[in-house]
Each structure stands twice: as C-alpha cells, then as structure tokens.
Amino acid sequence: MAATKAQVRAEIVAVRRSLSRQTRDAEAAALERRLTAAVAPATTICAYVPVGSEPGSVALIDSAAGRGVTVLLPVAREGADGVPLPLLWGEHIPGDLVAAPFGLREPPPPWLPADAVARASMVFVPALAVDRDGVRLGRGAGYYDRTLTKAAPGALLIAVVRDAELVETLPSEPHDVLMTHALTPGQGLVALNRHR
C-alpha cells in the first residue's frame, strides 16, 4: 500500500529534525554555492526564508541580493474565513526581516500583490520532497499551489530539498502545481518532469 502524504511528511520531518547543526550548515553552504551558480545577476527571483529544519539559510538569500539579484520573499496570510490566500511578495533587503505569523520571517511592508511572482525567472519553493515528475510535497496549507499558477510561463519552479528528498514518486492530487526543477546540496539544479 502506498504511503499517504501525511505519512511521507511525518517521515521527512523526523529525519530533518534528527540532523546535526553541522550537517544543516554544510548543506546550507552547498545550496548557497549552487544557487550562486544558477542565478545570473540583474534578474528577479522568488525565494523564501527557511524555518526550522528546512534546507537553506538567510545567508543564501542575502548572498543573492548582494550580487544584484532582486529577491522577492513571500508573505503568507489567511482570509477572514481562515483559508490561505495566494502569497504576497516583498523585496528582500538584507537585515530587514521582521517576525510574521506562523513563526515565519518576512520583509516589512510595502508588499507586492500575488501576481508579482510573474516577475521572477526562477521561483525557489520550500518542499519536504519532490519527485522526478515534479510533484512537490509541501506542508499542506496550499499557499504555493494558490500562487504558482500566477508564475510566468517560462519561469523555473524549483523545489529546494535535501539530496535524499529528491525521490522517484510521491502521491499527488489534481491541484498540485508541478515543479520544473529541484535544487539539492549535492546534485545542484536537477531538471524534473521526466514523463512530459
């Protein structure tokens, strides 16, 4: 019997939490080098501030911004009914992050509307895992699935994961937005969607 999304999420979170600080720091440094190699100066990207055991670091997005890259970071909010809204975006200025709902950090206002994601040539997306067909396993709230449909048609949608989190197959649902690439510490930028 195939594992459910909830089971896969729980397994990956447990592994991530078991990693040493040294391992996390080494992987974050490798991701920073990989991102530097993949992103050209004077471009716009969407990225995110990792929380908890997510791969990456603030240094990674600071480094991109320091190289002349415009980095847009997500602002997550819910509607009055508690349903997640498409992500808003704020331009990243190193050292300017503020505390936000859900234990996140985000850029201070003013914020750009959700369709600002269309300005980005690359959208780096947090993920617990991604498979070779581009199916991304997120936390399950749906912020990114509501937002990525607004990305530019040629934009690279890049799931940022640990090497072991790039897997052969994941359970999927019709509303899932497929990733075009994965970024891992060891393999760098990996093209996905093998069956399309």
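Residues numbered from 1 in each chain as written. Predicted model: local features only at pLDDT ≥ 70, side-chain atom pairs only at ≥ 80, totals over all residues. Heavy atoms only, no water.

- Per an unreviewed UniProt entry, the chain goes by the name 5-formyltetrahydrofolate cyclo-ligase and belongs to Mycolicibacterium iranicum.
- Taken directly from UniProt, the Cofactor (unreviewed entry) text for the chain runs: "Mg(2+)". (UniProt positions renumbered as here; feature names shortened; annotations may be inferred.)

Observations regarding the overall build of the chain
Line of reasoning, step 1. Helix and strand counts for the chain come out as four helices and 12 strands.
Line of reasoning, step 2. Counting all 196 residues of the chain, 47% fall into the buried class.
Line of reasoning, step 3. Pairs at least 24 residues apart make up 70% of the contacts formed inside the chain by residues separated by at least 6 positions.
Line of reasoning, step 4. Side chains of the chain carry 20 positive and 20 negative charges; the gap between the two charge centres is 2 Å. (Helix = DSSP H or I, 4+ residues; strand = E, 2+ residues; numbered from the N terminus. Buried < 20%, exposed > 50% of the residue type's maximum accessible area, 1.4 Å probe, protein only. Contact = heavy atoms within 4.5 Å. Lys, Arg positive; Asp, Glu negative; His and termini not counted. Charge placed at Lys NZ, Arg CZ, Asp CG, Glu CD.)

A word on the UniProt feature "binding site: substrate" (unreviewed entry) in the chain
Line of reasoning, step 1. The positions UniProt marks with the feature "binding site: substrate" (unreviewed entry) are Val 49 and Glu 54.
Line of reasoning, step 2. Here Val 49 is to be found in the loop between strand E1 (44-46) and helix H3 (58-66).
Line of reasoning, step 3. Judged by its relative accessible area of 7%, Val 49 falls in the buried class.
Line of reasoning, step 4. Those residues in contact with Val 49, other than ones at most four positions away along the chain, are Glu 54, Val 58, Ile 61, Leu 73, Leu 97 and Arg 105.

Observations concerning the sheet that holds strand E7 (residues 129-131)
Line of reasoning, step 1. A sheet is described by the order of its strands in space; here three strands give the open sequence E8-E7-E10, paired in mixed fashion. Because the sheet does not close on itself, it has two edges, and the strands there are strand E8 (136-137) and strand E10 (166-167). (Pairing = 2+ DSSP bridges.)

Structural notes on the pattern of salt bridges
Line of reasoning, step 1. Considering all chains together, one arrives at five salt bridges under this definition.
Line of reasoning, step 2. Asp 25 serves as the salt-bridge partner of Arg 21, at 3.3 Å between the closest nitrogen and oxygen. Placement of both Arg 21 and Asp 25 in helix H2 (residues 21-38) is noted, with a separation of four residues, approximately one turn of the helix.
Line of reasoning, step 3. A residue is classified by how much of its surface remains accessible, and Arg 21, at 52% relative accessible area, is exposed.
Line of reasoning, step 4. A salt bridge links Glu 27 to Arg 162; the shortest N-O distance between them is 2.9 Å. Remark: Arg 162 occurs in the loop between strand E9 (156-160) and E10 and Glu 27 occurs in helix H2; sequence separation between them is 135 residues. (Salt bridge = Lys/Arg side-chain N within 4 Å of Asp/Glu carboxyl O.)

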